[in-house]
Amino acid sequence: GQNIDQPTEMTATEGAIVQINCTYQTSGFNGLFWYQQHAGEAPTFLSYNVLDGLEEKGRFSSFLSRSKGYSYLLLKELQMKDSASYLCAVRNQAGTALIFGKGTTLSVSS
Amino acid sequence: DGGITQSPKYLFRKEGQNVTLSCEQNLNHDAMYWYRQDPGQGLRLIYYSQIVNDFQKGDIAEGYSVSREKKESFPLTVTSAQKNPTAFYLCASIGTGTLQQPQHFGDGTRLSIL
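Residues numbered from 1 in each chain as written. Chains lettered and ligands numbered in written order. Predicted model: local features only at pLDDT ≥ 70, side-chain atom pairs only at ≥ 80, totals over all residues. Heavy atoms only, no water.

Caption draft 1: Focus on the overall build of chain B. In terms of regular secondary structure, chain B is built from 0 helices and 11 strands. Shown N-terminal to C-terminal, the secondary structure of chain B runs as helices and strands in the order β-β-β-β-β-β-β-β-β-β-β. Counting only C-alpha atoms, chain B reaches 40 × 25 × 25 Å along its principal axes. Per-residue burial for chain B yields a buried fraction of 48% across its 114 residues. A sequence separation of at least 24 residues applies to 52% of the contacts in chain B between residues at least 6 apart. By element, 46% of the accessible surface of chain B is carried by carbon and sulfur atoms, the whole surface being about 5,600 Å². Of the side chains in chain B, 11 bear a positive and 11 a negative charge, and the two mean positions are spaced by 7 Å. (Helix = DSSP H or I, 4+ residues; strand = E, 2+ residues; numbered from the N terminus. Buried < 20%, exposed > 50% of the residue type's maximum accessible area, 1.4 Å probe, protein only. Contact = heavy atoms within 4.5 Å. Areas by Shrake-Rupley, 256 points an atom, 1.4 Å probe, with all protein chains shown as cover. Lys, Arg positive; Asp, Glu negative; His and termini not counted. Charge placed at Lys NZ, Arg CZ, Asp CG, Glu CD.)

Here it is, written out as structure tokens:
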């Protein structure tokens, strides 16, 4: 079967650092994506990992361990506008589709 | 600007009615996708198409139909057989050739039952 797990909700304060975890069990793996989605809007691409290790892009970093079926998204210097849902998605072996987790709703307070 | 256009933004369906959601892209992408999103849920794949005149069922295809007569267009029909159609529908596309390309999404169509 295919399963992607993320925490449902997280809260943090402005200026803090937050780590959103994602574990996956899929029949194949061809890369892992993180998307940000504000309420009522389409998801926007944040990061892509296909090899083990850390990918850094400004305030956002993403880590992958394929042997553990584990990834995390790290958000630094949190801002109010970072309040959104964060979706973890795995591309299947054939590369034909993305399998999404249910998303983590992050609330940033002042 | 290149992108994906979904229309309408809001759609209401009467009992027993079929409705069609439009998705058009000018990105010259080969693959197109339809997802359904329910409140507090992730995206679930309805149908996808890798090339013109070919498409495959996703995880929740029952009650839906699609066509891919042109590369740019991938309309989704929500049939009367779909008993719980209220959801946010997202269309996406991706170019083939490099797997690290992210999917591009349209702005979505919110479908409700009258």
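Caption draft 2: A look at the layout of surface pockets. Quantified by volume, the largest pocket comes out at close to 550 Å³. In terms of lining residues, the largest pocket is bounded by 27 residues, among which Ile99(A), Phe100(A), Leu43(B), Arg44(B) and Asp59(B) are the most central. The element that contributes the greatest number of residues to the lining of the largest pocket is strand 5 (residues 43–51) of chain B, accounting for 4 residues. When grouped by side-chain class, the residues that make up the lining of the largest pocket number 10 nonpolar, 11 polar and 6 charged. Forming the boundary of the second largest pocket are 23 residues, of which Gln37(B), Asp38(B), Pro39(B), Gly40(B) and Gln41(B) lie nearest the centre. Looking at the lining of the second largest pocket residue by residue, the classes come out as 7 nonpolar, 12 polar and 4 charged. (1 Å grid on protein atoms, 1.4 Å probe; cavity = no way out; pocket = protein on both sides within 12 Å on 5 of 7 lines; lining within 4 Å. Points joined across faces, edges and corners; volume = space filled by probe spheres on them. Nonpolar A, V, L, I, M, F, W, Y, C, P; charged D, E, K, R; others polar.)

Caption draft 3: A look at the sheet that holds strand 3 (residues 19–25) of chain B. Residue and element names in this part refer to chain B. The 4 strands lie next to each other as 1-3-8-7, forming an open sheet whose pairing is antiparallel. Bordering the open sheet on either side are strand 1 (4–7) and strand 7 (64–66), each of which pairs with just one other strand. Ignoring which end each strand starts from, the neighbouring axes of this sheet average 20 degrees apart. Bridge analysis of strand 7 against strand 8 (residues 76–78) gives 3 bridges, and the strand direction is antiparallel. By the bridge assignment, serine 65 is partnered in strand 8 with threonine 77. (Pairing = 2+ DSSP bridges. Axes fitted to C-alpha atoms, helices over the stretch in contact; angles between N-to-C directions.)

Caption draft 4: Geometry of the state of the cysteines. Residues and elements named next belong to chain A. On inspection of all chains with the given rule, the structure shows 2 disulfides over all chains. The disulfide partner of cysteine 22 is cysteine 88, and the S-S distance across this bridge is 2.0 Å. Residues cysteine 22 and cysteine 88 are joined through a disulfide that is left-handed, its torsion about the S-S bond being -70 degrees. Here the residue cysteine 22 occupies a position in strand 3 (residues 18–25), and cysteine 88 occupies one in strand 9 (residues 84–91), the gap between them amounting to 66 residues. The two residues cysteine 22 and cysteine 88 agree in class, both being buried. (Disulfide = S-S within 2.5 Å.)

Caption draft 5: Region of the structure containing the sheet that holds strand 3 of chain A. All names here are of chain A. The sheet built from 5 strands is open, its strands ordered 1-3-8-7-6 with antiparallel pairing. Every interior strand has two partners, whereas the edge strands, strand 1 (3–5) and strand 6 (53–57), have only one. If you compare each strand with its neighbour and ignore which way they point, the axes differ by 15 degrees on average. Taken together, the 6 bridges between strand 7 (residues 60–65) and strand 8 (residues 70–75) define a ladder with antiparallel strand orientation. Each residue of the ladder has a partner; that of serine 61, found in strand 8, is leucine 74.

Caption draft 6: The arrangement of the interface of chain B and chain A in detail. Listed by partner, the interface residues are 22 residues for chain B and 19 residues for chain A. Here chain B packs against chain A, burying approximately 1,600 Å² in sum over the two surfaces, 57% of which is carbon and sulfur. The interface formed by chain B and chain A contains 0 salt bridges. Taken together, the links from chain B to chain A amount to 3 residue pairs in polar contact (both at pLDDT 80 or more). Among the elements of the structure, strand 4 (31–37), strand 5 and strand 9 (87–94) of chain B are those that each provide at least two residues to the side of chain B that touches chain A. Counting residues per element, the side of chain B that touches chain A draws most heavily on strand 5 of chain B, at 4 residues. Class assignment of the residues belonging to the side of chain B that touches chain A gives a composition of 11 nonpolar, 9 polar and 2 charged. (Buried area = accessible area lost by both parts, 1.4 Å probe. Salt bridge = Lys/Arg side-chain N within 4 Å of Asp/Glu carboxyl O. Polar contact = N/O pair within 3.5 Å; in protein donor to acceptor, adjacent residues only side chain to side chain.)

Scope: geometric values only; no functional claims are made or implied.
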